[in-house]
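Topology and contacts: notes
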Amino acid sequence: MPEPEEIGRRRSEWEKKVAKGMGAETMSGVRLKLLYTPEEISGLDYLRDLGFPGGYPFTRGVHPNMYQGRLWTMRQFAGFGTAKDTNARYKFLLGHGETGLSVAFDFPTLYGRDSDDERAKGEVGKCGVAISSLADMETLFHGIPLDKVSTSMTINGPAAVVWAFYIAASEKQGVASEVLQGTIQNDILKEYIAQKSWLFPPEPSMRVITDIMAYAAEHVPKWNTISISGYHIREAGSTAAQELAFTLKDGLTYVEAGIKAGLDVDTFAPRLSYFFNSHLDFFEEVAKFRAARRIWAREMKETFKAKDTKSWLLRFHTQTAGCSLTAQQPENNIIRTAFQGLAAVMGGTQSLHTNSMDETWALPTEKAVLIALRTQQLIAEETGVTGVIDPLGGSYFVEALTSELEKQAYEYFEKIDALGGMVKAIEHGFPQREIADASYRFQKAIEQKRRTVVGVNKYTLEGEELEIPLLKIDPEVEREQCHRLADLRRTRDNPKVKTALEDLRQACQGKDNVMYPLMDAVRAYATLGEICQAMKDVFGEYAEPPMF
Amino acid sequence: MLESTTSRLLEEFRSGDRRACGRLVSVVENEGRGAAEVLSELYPLTGRAFRVGITGPPGVGKSTLVEKLARLCRDQDRSVGIVAVDPTSPFSGGAILGDRVRMPSLFTDPGVFIRSMASRGGLGGLAMRTREACDVLDAFGYDFIIIETVGVGQIELDIASTAHSTVVVLVPESGDAIQMMKAGLMEIGELFCVNKSDRQGADRLALAIESMLGLRSSQDGWKPPVVKTVGTSGEGVDALLAALERHRSYLVESDLMSARRKFRVRVEIKELVEEKLKQKIWSRPEVDARLAGLVDEVMSESSTPYRAAAALLEFIRADSREEV
Amino acid sequence: MARKLRILMAKPGLDGHDRGVKVVARGLRDAGFEVIYTGLHQTPEMIAETAIQEDVDAVGMSILSGAHMVLIPETMRLLKEKGAGDILMFGGGIIPEEDKKELYKMGCGKLFGPGTEIREIVDFLKEKFPDRT
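Calculation criteria
- Residues numbered from 1 in each chain as written.
- Chains lettered and ligands numbered in written order.
- Predicted model: local features only at pLDDT ≥ 70, side-chain atom pairs only at ≥ 80, totals over all residues.
- Heavy atoms only, no water.
- Helix = DSSP H or I, 4+ residues; strand = E, 2+ residues; numbered from the N terminus.
- Rg over C-alpha atoms; globule rule 2.2 N^0.38 Å.
- Buried < 20%, exposed > 50% of the residue type's maximum accessible area, 1.4 Å probe, protein only.
- Contact = heavy atoms within 4.5 Å.
- Lys, Arg positive; Asp, Glu negative; His and termini not counted.
- Charge placed at Lys NZ, Arg CZ, Asp CG, Glu CD.
- Patch = residues over 30% accessible without salt bridge, like charges linked within 9 Å, V, L, I, M, F, W, Y side chains within 5 Å.
- Areas by Shrake-Rupley, 256 points an atom, 1.4 Å probe, with all protein chains shown as cover.
- Salt bridge = Lys/Arg side-chain N within 4 Å of Asp/Glu carboxyl O.
- Domains from an automatic or database assignment.
- Buried area = accessible area lost by both parts, 1.4 Å probe.
- Nonpolar A, V, L, I, M, F, W, Y, C, P; charged D, E, K, R; others polar.
- Polar contact = N/O pair within 3.5 Å; in protein donor to acceptor, adjacent residues only side chain to side chain.

**Overview of the overall build of chain C**
Along the backbone of chain C there are 5 helices and 5 strands. When its helices and strands are written in sequence order, chain C yields β-α-β-α-β-α-β-α-β-α. Its C-alpha atoms give chain C a radius of gyration of 13 Å, near enough to 14 Å, the size a compact globule of 133 residues would have. Taken along its principal axes, the extent of the C-alpha atoms in chain C is 40 × 35 × 25 Å. Taking all 133 residues of chain C together, 66% fall into the buried category. Taking all contacts inside chain C whose residues are at least 6 apart in sequence as the whole, residues at least 24 apart take part in 72%. Across chain C, the 19 positively charged side chains and the 21 negatively charged ones have centroids separated by 3 Å.

The following block contains the structure:
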């Protein structure tokens, strides 16, 4: 290695040949240099800041062998129409080499409302599958052994209820809850920030979440109880640094809540996992994933004094950026998704969903979803990128960018702390406004052509017509689903449902874990809407803060 | 003479048509042709509503409080009109009017009418035509009218001349009492509301306000009460409404209501005359031409703005005499 | 004084995707319009009532949930019923061509798809309301 002085001298010589003002910006607005050298990472200490895979601070990966030991889980987010329709799609995906399930629910379900709710009109089964009761959940996993698959469920406001449906459905299959594997998203903070399918105000929501953590520790030990999600924050228009900062701050807030509820950090922290977006700026995304691991490990070890090394690991699922896809020339989306999937793998993801090319138009067709799955299989088995762990580690650029994103995240942490923590910041509308500002800036950049979107503001096709087939949801789905619900309400033991709901209300008012009466209500076939209403009766409903 | 569309609107308005009410607010807001006539027509119908101003710095929860206050009035079977003012962007002249976000429970209540207004250069947290918009809602028959001002740090006196009772809303984080006094808030409040009072420091703030009020020169014998509320849960809003009612009774019994009305009418007439005069003066091309000449003189340093103004006034006077 | 263009930007149904509606609301403000924003989860009844009380010139619906064939016609029906059928309805979101055609037939104004620039929406509204500022 040459002396730093020598590098600096040669660098100045090179700089003389470089035109002034050169250097780009990342997608998120981080100013870049034209060249990175050892100077940019002179403060980096290998053992302190990078370490070895499977060891603190996990910058290079959470497992010692990474993909040579085990590939990431290929998990395609899917759900549409009725439980029966989606069940068929799951069997199709599992048949083609998918290794985990991921349930997409429709808006009424995400919002804790039954399919026959007045306000659900027109949305039943449209953006995901409609699940209104245990009966629907039984159908959803009919013929899929729940002791053999791991299932991720994107559900937040009513997470406790839908998780209870799943546990009860496994009981019906004769599977013990102790062996169940999977994840509920259950990340209410990012709902307030970005995805907006909330039910209760923050305080009771946080209480239900700690109840879930306690119940899982006791009865469903292999379950990931919160998937702390940056995906939706990014989709709502945030920058990479905002995604990183707000998501990790959410995660740290859950940890605080768990500790405050009297739980030992090491009993629940190992069951927390993350969910990030993988966007188009390749290196920025890789750096983001690496920075996330380092921040989490440090905070868990240093700030929260977790002792179990599993509490320090930031394990994450990744989905490629839906918001980067274009309606124009949709086939280009296959290529965008491939780059994003590659970034996730270079960033050390534990599981991956790759978007389908037709998703700006509708839910994906079978053909489109198969191409998306093949994209992952291609990355895994043809490109050779899985052979070496953290192959970009040590790159002057990637290390510098990793540290830069980490620094920006801590700057946001400080601002949030100054507002009194994440819940207060949300009530002030702080993260919401930061994201809305970023998304407006981004839109402006596209309109002023400072950012290229191929096929949209450059390289467009005149008179382009859509040539790919789209999946249509039959309006019959809604009627069918309402009929089934009506049947259920008629045939179940209604006095039992009533008692169960009353017990649940009681538990909500008191301090007992709500999961127990909730499980009983679910077993009695109380519906999602009924259960959520009983809880709202006690907890109230959240109202969004003013935005502008 | 009223245009036929306007007289039809008035007719629909009198028959209780909400669309017509909305449209007439637009007519007075835009000062379109017929606005003065419309207001004149409606004048006999006004004067029945109790008008309450809700003001205070940004982020104190005014909209939430307005919603809760309106709900409470509705429980008492009183109809409610709400005028919510948001700022106009000085750059584009556009505005995003977002106060409704906090009031969804009122949207489909037939006894509530909410109108958002952009400030359009109005001062003191009000829109240019807030008072006129209130007149329309008053004439339509709403019992209780709530005016929510822009969340500005600096409050001027406009709200006090538009509403019967002005509530100044503060939160424990609002800052110390000295700052509030500097901002003029202590002068205009007939009621003070410490919102978000479940937070730390609420009692301290309430005490600070009360001691500041002790120093305030009382002109009319009314001692402003300090009410603690939690807008999100509705706690204390009943006490706020009761305090407002007490203030209203006080205004009526002490004859201040009519004295204020008299004062308001006087101000209103003066403003109308001033506006007409202004319009009359500046719409004349010869005045504009003379002004341009005078500006040049000042720019070339052969005159000063003061001398130019005197010269222009003389010109206008002479010009008007000729016209007459 | 020329009347300012007043637009209601509405987010109907349970769909929580409000990135688009907020970007458009800001864009319209920056074009000099007065924009009323009512927040998420609006029913057609709420939207129609708001349009009337606010006396808006147009209602822009943002729908990404696939429920457009229910929510747009229902809101238009309610506006008509309340004597406000003249208020222009337009929208944006993920709306397939064939559904667009059907909605246009019902009298709905332009429906903008993904990749639309704000300028296009501004131009559309200015053209529809030449006497407003």
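**A short note on a nonpolar patch on the surface**
There is a patch of nonpolar side chains on the surface, built from M22(A), L34(A) and L35(A) and spanning about 280 Å² of accessible area. Within the element layout of this structure, L35(A) appears in the loop between α1 (4-16) and α2 (46-50).

**Points about the domain arrangement of chain A**
All names here are of chain A. Here chain A is partitioned into domain 1 (4-41) and domain 2 (48-447). Of note, the centres of domain 1 and domain 2, computed from C-alpha atoms alone, are 35 Å apart. With 10 residues of domain 1 in contact, the opposing surface of domain 2 contributes 15 residues. Of the roughly 1,100 Å² buried where domain 1 meets domain 2, counting both sides, 76% is carbon and sulfur surface. Counting the contacts that link domain 1 with domain 2 gives 0 salt bridges. Residues that form the side of domain 1 that touches domain 2 fall into these classes: 6 nonpolar, 3 polar and 1 charged.

**Section: helix α20 (residues 515-523) of chain A**
Where α20(A) is concerned, the buried positions are M515(A), P517(A), L518(A), M519(A), A521(A) and V522(A). Tucked into the core, α20(A) has its buried residues touching α5 (134-140), α6 (159-172), α8 (202-219), α19 (494-509) and α21 (528-539) of chain A.

**As for the interface of chain A and chain B**
In this complex, chain A contributes 7 residues to the contact, which on the side of chain B involves 4 residues. When the two sides are added together, the surface that chain A and chain B hide from each other amounts to roughly 550 Å², 63% of it contributed by carbon and sulfur. Looking only at chain A, the three residues that lose the most surface to chain B are E544(A), P546(A) and F548(A), adding up to 60% of its buried area. For the pair chain A and chain B, the number of links is 1 salt bridge. Salt-bridge contacts for R199(B) lead to E427(A); the nearest nitrogen and oxygen are separated by 3.9 Å. Remark: the boundary between chain A and chain B carries 0 residue pairs in polar contact (both at pLDDT 80 or more). Partitioning the side of chain A that touches chain B into residue classes produces 4 nonpolar, no polar and 3 charged.

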